[in-house]
Amino acid sequence: MLKYIIQIGLLLLTITAISAYQELGMLADNGKQNAPYFSLPRLDDADQRIDLSSLKGQQTVIYFFAPWCSICKYSMPNLDKLHKNGDLNAIAIALDYANPQSVRQFSQGLNLSMPVLLGDHITAQNFKVKAYPTYYVIDEHLKVVERSIGYSSELGIKIRL
């Protein structure tokens, strides 16, 4: 029995260490860091843009994904469900895509209700995105208050809010 408890403890320690390592170099999440400015076209209407200032006054999850990312395919519906239910405001920003059609196919396959924006390498650089999925939670004053990389369940997202 003690052997299994030690193994579980080591597994949890390893997972925590890997998670902390992955988050190195991300934007600070202490509530003092301003979210980088962006103004990006919507996937469903490239003439319409969403910029950072439009998110002021509401806590928002900014979710970065790539259409080829298999973890994103399983994680995004969790975030979208919370968005659909009105539990949180969320936007998804596509990065590292071949063309808008690949993003459109990915998004339609998941039947997403949250806005999907078309990002670029400057957006990825400004938000220090190095892996997918990456997300940041910004508060009503546009300060970064939480960050994460990888799969997130509905419960995991709610805990971070």
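Located above this text is the structure these notes cover.
Report on the accompanying structure. If you're wondering where the values come from, they're calculated on a predicted model, not measured in any experiment. Residue positions are counted from 1 within each chain, in the order its sequence is given. Totals for whole chains, interfaces and linings use every residue, but because this is a predicted model, local features are given only for residues with pLDDT of at least 70 and side-chain atom pairs only at 80 or more, for both listing and counting. Values reported for side chains reflect all heavy atoms of the structure, with hydrogen atoms and water molecules removed beforehand.

1. Comments concerning the side chain of H83
A helix here means a DSSP run of H or I that spans at least four residues, while a strand means a run of E at least two residues long, and both kinds are numbered starting from the N terminus. Of note, H83 is situated in helix α2 (residues 70-84). Every residue pair with non-hydrogen atoms within 4.5 Å of one another is taken to be in contact. Not counting residues within four places of it along the chain, the set of residues in contact with H83 comprises L88, N89, A90, S113, M114 and P115.

2. Quick word on the pattern of salt bridges
Criterion for a salt bridge: a side-chain nitrogen of Lys or Arg within 4 Å of a carboxyl oxygen of Asp or Glu. If you walk through the whole model with that rule in mind, you get four salt bridges. Of the charged contacts, one joins D80 and K84 as a salt bridge, the two residues approaching to 3.9 Å between their closest N and O atoms. Residue D80 and its partner K84 are both found in helix α2; the two are separated by four residues, about one turn of the helix. The rule is simple: take the accessible area with a 1.4 Å probe, protein chains only, and divide by the maximum for that residue type; under 20% is buried, over 50% is exposed, in between is partly exposed. For D80, a relative accessible area of 3% corresponds to the buried category.

3. Observations regarding the side chain of R42
Locating R42 in the fold gives a position in the loop between β1 (39-41) and β2 (49-51). Discounting residues that sit within four places of it in the chain, R42 has contacts with Q48, I50, P115, V116 and L117.

4. A look at the sheet that holds strand β4 (residues 89-94)
Pairing is mixed in the open sheet, where five strands are placed in the order β5-β4-β3-β6-β7. Each having just a single partner strand, β5 (116-118) and β7 (144-149) make up the two edges of the open sheet. The mean angle between the axes of side-by-side strands here comes to 20°, regardless of whether they run parallel or antiparallel. At least two DSSP bridges between two strands are required for those strands to pair. When strand β6 (residues 134-138) meets β7, the two strands line up antiparallel, connected through five bridges. Following the sheet pairing, Y135 is matched in β7 by S148. Axis lines are fitted to C-alpha atoms, over the contacting stretch for helices. Their N-to-C directions set the angle, which ranges from 0 to 180 degrees. Here α2 sits on the sheet in contact with β3 (60-65) and β4, set at roughly 160° to β3. Seen against the sheet, helix α3 (residues 100-110) touches β3, β4 and β5 and runs at an angle of roughly 165° to β5.

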